[in-house]
There are 2 protein chains.
Amino acid sequence: MTRFRLGIEYDGGPFVGWQRQENGPSIQQCLEEAVAATVQEETHVYGAGRTDAGVHAIGQVAHVDILKEIAPARLMAALNFHLKPNPIAVTDCAVAADDFHARFSATGRAYLYRIANRRAPPVLERGHVWWVPAELDAAAMHEAAQRLVGRHDFSTFRAALCQAQSPVKSLDRLDVNRVGEEIQVIAEARSFLHHQVRNMVGTLRLAGEGKWSADDVTAALAARDRAAGGPTAPPDGLYLTRVVY
Amino acid sequence: MTRFRLGIEYDGGPFVGWQRQENGPSIQQCLEEAVAATVQEETHVYGAGRTDAGVHAIGQVAHVDILKEIAPARLMAALNFHLKPNPIAVTDCAVAADDFHARFSATGRAYLYRIANRRAPPVLERGHVWWVPAELDAAAMHEAAQRLVGRHDFSTFRAALCQAQSPVKSLDRLDVNRVGEEIQVIAEARSFLHHQVRNMVGTLRLAGEGKWSADDVTAALAARDRAAGGPTAPPDGLYLTRVVY
């Protein structure tokens, strides 16, 4: 048996999310079917981040155990062949230690959230950004974001369905930058609560529109109540960019 | 009558090209229908660059004459409303001088060609890049590209269908840069022959793979024969980025 570590990229648009579900195709299922088509083995593909429906990944990491002997480069090429026409690609493939676990060995995760901030609707980036036509103040968003960095009870930014045992998380980085007509939010932490990034971005939008001050964001965090936070930003703009081990 | 200058962005994938044709939807037709739906006038929308089937634009410029009085901001919003769900957006709209002509007043055009240069197929950028899995030497491509800059007979890089009166053009800039896993080719000229950028990029790929030297590119140019040039690169990676007046 060999454990392989896979780097994975996908357009989350057509999927119910990373995890296998009854109600539609998942990225996990597509990968497991590609492994089965390649080596005729039934496997379980473990992902570092269980991204939601519509959320994309540039740097998802997964592992899978395969009995048959196969070189990493050949496995990667075969998986990419069988993954077609799904918008999922294996970008890296390497032999991993037997105790490497894509999810439990991970010590950090990074997400990027992209907001198209212009009057005209995005067309080349449709489905890959959140369109906010009203002008956003990136500096005000960044200032408000700093109120969320650190170790806090993030109940205000936690989805009702969240399965985490504790709402307390350490947010290491939450940077907001303007790049031309795009606002980019970069979030880094050991792990995140369900919908945490999207709920934080939905709240930062209010700061960017001048509706909320940084103090309002601090007050929302302190409330430890989802009802005190801003709305949930759509999945379209969210990318899992990196997993740290 | 007011002449409006429009900035236009589109995903060329679903279209037969800029220009109206019998065999499918064109960007021009969609814009003319959006104008008709907005002001109930039959108009002609003139574009600066008649991009081919599948070619994208970030900075296309067009003009249109409208009888009804309408503010530019309202016109832009209405056009974008009526353009849905086509992947076309009006990104700018301003009143222009009566003698402004999007095509004939233009003094320069800039194109970007994007090559995804990696083993894994592109998925988030599918249809928006040319996938070349074999590693390309961007420096060698750039060196070869400099042999094409200047005033030359570009018959080697001209499509058989090209309607230009002369094959002689001045190429002002042809830069090749690597940006991570992407090779970006930037081409600037007063105007281009039909398929010129795609034919030059297809030839530069040969230089990037080490199959052709810069001298081979010089010899191909001197041959003034399409058969002496490299293959035509696909439209997917090509973007009209800017029109200069």
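Residues numbered from 1 in each chain as written. Chains lettered and ligands numbered in written order. Predicted model: local features only at pLDDT ≥ 70, side-chain atom pairs only at ≥ 80, totals over all residues. Heavy atoms only, no water.

## Regarding the overall build of chain A
Rule in force here: For helices the rule is a DSSP run of H or I covering at least 4 residues; for strands it is a run of E covering at least 2, with both sets numbered from the N terminus onward. C-alpha atoms define the radius of gyration in this analysis, and the globule rule sets the expected value at 2.2 Å times the number of residues to the power 0.38. Residue contacts are defined here by distance: any two heavy atoms, one from each residue, within 4.5 Å place the two residues in contact.
When helices and strands are counted, chain A shows five helices and ten strands. On C-alpha atoms alone, chain A measures out to a radius of gyration of 19 Å, which is about the 18 Å that the 2.2 N^0.38 rule sets for 245 residues. In terms of its C-alpha atoms, chain A occupies a principal-axis envelope of roughly 60 × 40 × 30 Å. The contacts of chain A with a sequence gap of at least 6 include a subset with a gap of at least 24, amounting to 70%.

## Let's talk about the interface of chain A and chain B
As a reminder, the rule being used: Once two parts are put together, the accessible area they lose, assessed with a 1.4 Å probe and summed over both, is termed the buried area. A pair is scored as a salt bridge if a Lys or Arg side-chain nitrogen falls within 4 Å of a carboxyl oxygen belonging to Asp or Glu. Any pair of N or O atoms that falls within 3.5 Å is considered a polar contact. Within protein, one atom must be able to donate a hydrogen and the other to accept it, and sequence-neighbouring residues count only if both atoms are side-chain atoms. Charged means Asp, Glu, Lys or Arg here, nonpolar means Ala, Val, Leu, Ile, Met, Phe, Trp, Tyr, Cys or Pro, and polar covers whatever is left, Gly included.
Taken together, the contact pairs 24 residues of chain A with 24 residues of chain B. Contact between chain A and chain B buries roughly 1600 Å² in total, counting both sides, with carbon and sulfur atoms accounting for 64%. Its largest share of buried area at the contact with chain B, chain A owes to Glu9, Val123 and Leu124 of chain A, together 37% of the area lost on that side. Between the two partners, chain A and chain B, sit two salt bridges. Arg118 of chain B serves as the salt-bridge partner of Glu9 of chain A, at 2.8 Å between the closest nitrogen and oxygen. Counting across the interface, chain A meets chain B through six residue pairs in polar contact (both at pLDDT 80 or more). Of all the secondary structure elements, the ones that give two or more residues to the side of chain A that touches chain B are β1 (2–10), β3 (56–66), α2 (72–83) and β4 (88–96) of chain A. Top contributing element to the side of chain A that touches chain B by residue count: β4 of chain A, with four residues. For the side of chain A that touches chain B, the per-class residue count stands at 14 nonpolar, five polar and five charged.

## Quick look at the UniProt feature "active site" (unreviewed entry) in chain A
Residues and elements named next belong to chain A. Selection rule: UniProt positions are given in the numbering used here, feature names are shortened, and annotations may be inferred rather than shown by experiment.
Those places that UniProt annotates as "active site" (unreviewed entry) correspond, in this numbering, to Asp52. Residue placement: Asp52 occurs in the loop between β2 (46–47) and β3. When residues no more than four places from it in sequence are discounted, the contact partners of Asp52 are Val16, Gly17, His194, His195 and Arg198.

## Quick notes on helix α4 (residues 196–208) of chain B
In an α-helix there are 3.6 residues to a turn, and that puts residues three or four apart on one side. Residue and element names in this part refer to chain B. Our working rule: The length a helix should cover is 1.5 Å for every residue beyond the first. Throughout this description, buried means an accessible area under 20% of the type-specific maximum (1.4 Å probe, protein chains only), exposed means over 50%, and partly exposed covers the range between.
Between its first and last C-alpha, α4 extends 18 Å over 13 residues, near the 18 Å set by a 1.5 Å rise per residue. With twelve of 13 residues buried, α4 lies mostly within the body of the structure. Every buried residue of α4 is listed here: Gln196, Val197, Arg198, Asn199, Met200, Val201, Gly202, Thr203, Leu204, Leu206, Ala207 and Gly208.

## Some thoughts on the relation of the copies chain A and chain B
In plain terms, the rule: All copies are superposed by least squares; the fitting set is the C-alpha atoms of residues with a pLDDT of at least 70 in both.
For the pair chain A and chain B, the best superposition has an RMSD of 0.0 Å and corresponds to a rotation of 180° with a translation of 0.0 Å parallel to the axis. Between the two chains, the operation in question is that of a two-fold axis. Using C-alpha coordinates, one finds that chain A approaches the rotation axis most closely at Glu125 of chain A, a distance of 4.6 Å. A shared interface surface links the copies, since 100% of the contact residues of chain A are contact residues in chain B too.

## A short note on the packing of aromatic side chains
Residues and elements named next belong to chain A. To keep things clear, this is the line we draw: Each Phe, Tyr or Trp ring (for Trp, its six-membered ring) is paired with any other whose centre lies within 6.5 Å, and the angle between the two planes then decides the class: stacked below 30 degrees, edge-to-face above 60, tilted in between.
In this structure the tally under the stated criterion is ten aromatic pairs over all chains. Judged by centre distance (6.1 Å) and plane angle (85°), the rings of Tyr113 and Trp130 are edge-to-face. Highlighted residues: Tyr113 in strand β5 (residues 108–116) and Trp130 in strand β6 (residues 130–131), separated in sequence by 17 residues. When sorted by exposure, Tyr113 lands in the same class as Trp130, which is buried.

## What about the domain arrangement of chain A?
All names here are of chain A. Rules: Each domain span listed reflects an automatic or database assignment of domains.
You can read the domains of chain A as domain 1 (2–96) and domain 2 (108–244). The C-alpha centroid of domain 2 is placed 27 Å from the C-alpha centroid of domain 1. Contacts between the two partners involve 14 residues from domain 1 and, on the opposite side, 15 residues from domain 2. A buried area of about 1100 Å², summed over both sides, lies between domain 1 and domain 2, and 56% of it is on carbon and sulfur atoms. Here domain 1 is connected to domain 2 by one salt bridge. Here Arg198 ties to Asp52 by a salt bridge, and the two come within 3.8 Å at their closest N and O atoms. Connecting domain 1 to domain 2 are ten residue pairs in polar contact (both at pLDDT 80 or more). The residue makeup of the side of domain 1 that touches domain 2, split by class, is six nonpolar, six polar and two charged.

## Some details on the UniProt feature "domain: Pseudouridine synthase I TruA alpha/beta" (unreviewed entry) in chain A
Per the UniProt record, the feature "domain: Pseudouridine synthase I TruA alpha/beta" (unreviewed entry) sits at residues 9–104 and 144–245 of chain A. In residues 9–104 of chain A, helix accounts for 26% and strand for 25%; the two terminal C-alpha atoms are 20 Å from one another.

## Comments concerning the packing of helix α1 (residues 27–39) of chain A against α2 of chain A
Residue and element names in this part refer to chain A. Counted only if it meets this: Lines fitted to C-alpha atoms define the axes, with helix axes restricted to the stretch in contact, and inter-axis angles between N-to-C directions lie between 0 and 180 degrees. Note on convention: the crossing is left-handed when the near helix lies turned anticlockwise from the far helix by less than a right angle, right-handed when the turn is clockwise.
One way to put it is that α1 packs onto α2 with a least axis distance of 9 Å and a crossing angle of 115°. You can see that α1 and α2 cross each other, and the crossing is right-handed. Two secondary-structure elements touch here, α1 through Cys30, Leu31, Ala34, Val35, Ala37 and Thr38 and α2 through Leu75, Ala78, Leu79, His82 and Leu83. Residues of the contact of α1 with α2, tallied by class, amount to nine nonpolar, two polar and no charged.

## Considerations on unusual backbone geometry
Between Lys84 of chain A and the following residue, Pro85 of chain A, the backbone shows a cis peptide bond with an omega angle of 0°. Position of Pro85 of chain A relative to the elements: it lies in the loop between α2 and β4. The phi torsion at Arg224 of chain A lies on the positive side, around 50°, for a residue other than glycine. Along the chain, Arg224 of chain A falls in the loop between α5 (214–223) and β10 (238–244). Even without being glycine, Gln40 of chain B reaches a positive phi, approximately 55°.

## Considerations on the packing of helix α3 (residues 138–146) of chain A against helix α4 (residues 196–208) of chain A
All names here are of chain A. Keep this limit in mind: Relative orientations are named as follows: roughly parallel for angles under 35 degrees, roughly antiparallel for angles over 145 degrees, roughly perpendicular for angles from 65 to 115 degrees, and oblique for any other angle.
Between α3 and α4, whose axes approach to 8 Å, the crossing angle comes to 130°. Judged by the angle between their axes, α3 and α4 are oblique. Every pair of crossing elements has a handedness; the one defined by α3 and α4 is right-handed. When α3 is examined against α4, the residues Ala140, Met141, Ala144 and Ala145 are found in contact with a partner set consisting of Leu204, Arg205, Ala207 and Gly208. Residue composition of the contact of α3 with α4, grouped by class: six nonpolar, one polar and one charged.

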